[in-house]
Each structure stands twice: as structure tokens, then as C-alpha cells.
Amino acid sequence: MINFFHSTIGKKSIVAITGLVMFGFVIGHLLGNLQVFVSADKLNAYAAFLKETKPLLWGTRLGLLLSVALHIVCTVQLNRRNRSSRPVAYQEHDLIQATLPSRFMIWSGAFLGFYVVYHLLHLTVGRVHPSFSHTDVYGNLVSAFQNPMVSTVYILAMVSLGFHLNHGIFSVFQTLGLNHPKYNLLRKIFAVGASVVIAVGYISIPVAVMAGWVR
């Protein structure tokens with residue numbers, strides 16, 4: 001088990017598996033947040049259900065925290081291993097061939113990491129929210145996104161998430177051995193489609209608040 005963790009294949013597998021865990025969470029979190037378009041009562045009832053179901057809530061949080069930690073550690077280690085093993089000329093050639101999402105993979109991930117900390121302090125803990133309520137999640141969200149600066153940072157974070165998902169979803173199939181020239185186009189279509197739908201879904205919330213559609 002230790003040898004597997006220290007091997008390149010092992011680290012890539014861990015990055016892929018933890019990426020799938022986070023991908024599932026991102027989808028579930030989005031579906032929950034989109035209830036803001038239904039009604040305040042619906043979103044608040046959903047939030048209350050999560051708080052009351054502590055084993056589910058904390059099991060998800062701890063599993064997600066472990067996945068994020070392993071994902072970051074293995075990604076950084078692979079990146080360092082990659083840089084130390086490649087000659088300069090190959091690095092330059094690889095940069096030319098790389099897609100835009102893959103070039104910004106590390107940076108989009110780093111930005112998302114910092115944003116998640118702020119997001120938790122803002123809308124989960126309420127430490128940096130000027131009028132935080134533990135029961136009115138709908139009100140917290142609306143009042144937060146009425147601030148153009150908060151909405152702008154959120155939108156930039158979701159654009160970064162889209163870039164990160166685009167490359168990550170495409171790569172995970174290859175890492176897990178589901179790679180074949182016949183299906184590569186389908187992989188690309190799925191990666192682009194899923195990343196765009198998820199990013200646009202999240203971005204639609206602050207846009208709707210700023211436009212006055214959700215108030």
C-alpha cells in the first residue's frame with residue numbers, strides 16, 4: 001500500500017479517484033444551491049435537513065476534506081516529479097501542445113483552494129458575512145451576492161472551476177484506463193459539456209441576484 005502511494009501510477013490514481021469524489025460533491029452542492037430559484041422556504045428547508053442529519057453532513061465533510069488533502073498533496077508531488085524528470089526542450093514542446101485548461105490546472109486549483117476557505121468563512125461559518133443568519137440561508141446568499149465585489153470573485157472562482165473540471169474530467173478516464181482513440185472525442189465532449197454546465201449553473205445564482213430575479 002505504501003509502495004502504491006509513492007509510485008507515480010498510485011499518485012495519479014489517487015488524484016483521479018479524489019477528483020471523482022469532488023466532482024460528485026460539486027454536482028450535489030450545485031443541485032442544492034439551485035433550489036434558490038424555487039423559493040426561500042425550499043432552500044432553507046434543504047439547509048435545515050443537512051444540519052439535522054449530522055452523520056451525513058459530517059461524513060461528507062470529512063470525506064471531502066480527506067479527498068481534497070490527498071488530491072493537493074499528490075498533484076503537487078506529481079508536478080514536481082514531472083518537472084525534475086523532463087528536459088527543458090521537452091517542457092517547452094509540451095507547453096505548446098497543452099490545452100488552455102491544462103496549462104492553468106495548478107493555478108486554477110490554487111485559486112479555488114483559497115476561495116473555498118473564504119467561501120466557508122463567508123456562507124458556512126459566517127465570520128466574514130456582515131449579516132449572517134444560521135437559519136436563513138436564502139437571506140445569507142441573497143445579501144452576499146448583492147455585493148458586486150463578492151459576486152465578481154465568486155464568478156471568477158466558478159470560471160476557474162470550469163477550467164479545472166474540463167481538464168480533470170478528460171484526464172480521469174485516461175488515468176483509470178478508460179482511454180481509447182475511438183472514444184476520445186466523446187471524452188472531450190463530455191468534459192467540455194459537464195464543466196460548462198456546472199460553471200454556468202453556479203454563476204447563474206449571483207447573476208440572478210444582481211439582476212434582481214432572486215431577491
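Residues numbered from 1 in each chain as written. Predicted model: local features only at pLDDT ≥ 70, side-chain atom pairs only at ≥ 80, totals over all residues. Heavy atoms only, no water.

> Would you take a moment to explain the environment of tyrosine 46 for this structure?
Its place among the elements puts tyrosine 46 in helix 3 (residues 40-52). Separated by eleven residues in the primary sequence, tyrosine 46 and glutamine 35 have C-alpha atoms spaced 8.3 Å apart. Filtering out sequence-adjacent residues up to four positions away, tyrosine 46 remains in contact with Gly28, Gly32 and Gln35. (Helix = DSSP H or I, 4+ residues; strand = E, 2+ residues; numbered from the N terminus. Contact = heavy atoms within 4.5 Å.)

> Hey, could you run me through the packing of aromatic side chains in this one?
Any pair of aromatic rings gets described here by the distance separating the centres and the angle formed by the planes. In total, this model carries three aromatic pairs according to the counting rule given. Centroid distance tyrosine 115 to tyrosine 154: 6.0 Å. Interplanar angle 70 degrees. Geometry classified as edge-to-face. You can see tyrosine 115 sitting in helix 7 (residues 105-124) and its partner tyrosine 154 sitting in helix 9 (residues 148-175), a full 39 residues away along the chain. The rings of Tyr115, Tyr118, Phe145 and Tyr154 are connected pair by pair, giving a single aromatic cluster. Taking NZ or CZ as reference, arginine 61 lies 4.7 Å from the ring centre of tryptophan 58, over its face. In this arrangement the basic side chain of arginine 187 is found over the ring face of phenylalanine 170, its NZ or CZ atom lying 4.1 Å from the centre. (Phe/Tyr/Trp six-rings, centres within 6.5 Å; stacked < 30°, edge-to-face > 60°. Lys NZ or Arg CZ within 6 Å of the ring centre and 35° of its normal.)

> Teacher, can you tell me more about the environment of tryptophan 213 here?
If you trace the backbone, tryptophan 213 turns up in the segment after helix 10 (184-211). Each C-alpha atom of the pair tryptophan 213 and valine 116 lies 26 Å from the other, and the pair is 97 residues apart in sequence. Setting aside anything within four residues of it in sequence, one finds tryptophan 213 in contact with Val207 and Ala208.

> Just to check I follow, could you spell out the side chain of lysine 11 for this structure?
In this fold, lysine 11 is placed in helix 2 (residues 8-33). Side-chain polar atoms of lysine 11 contact the side chain of glutamine 77, separated by 2.4 Å. Residues within four places of lysine 11 in sequence aside, it is in contact with Phe4, Phe5, His6, Cys74, Gln77, Leu78 and Arg81. (Polar contact = N/O pair within 3.5 Å; in protein donor to acceptor, adjacent residues only side chain to side chain.)

Honestly, it's all geometry; don't read function into it.
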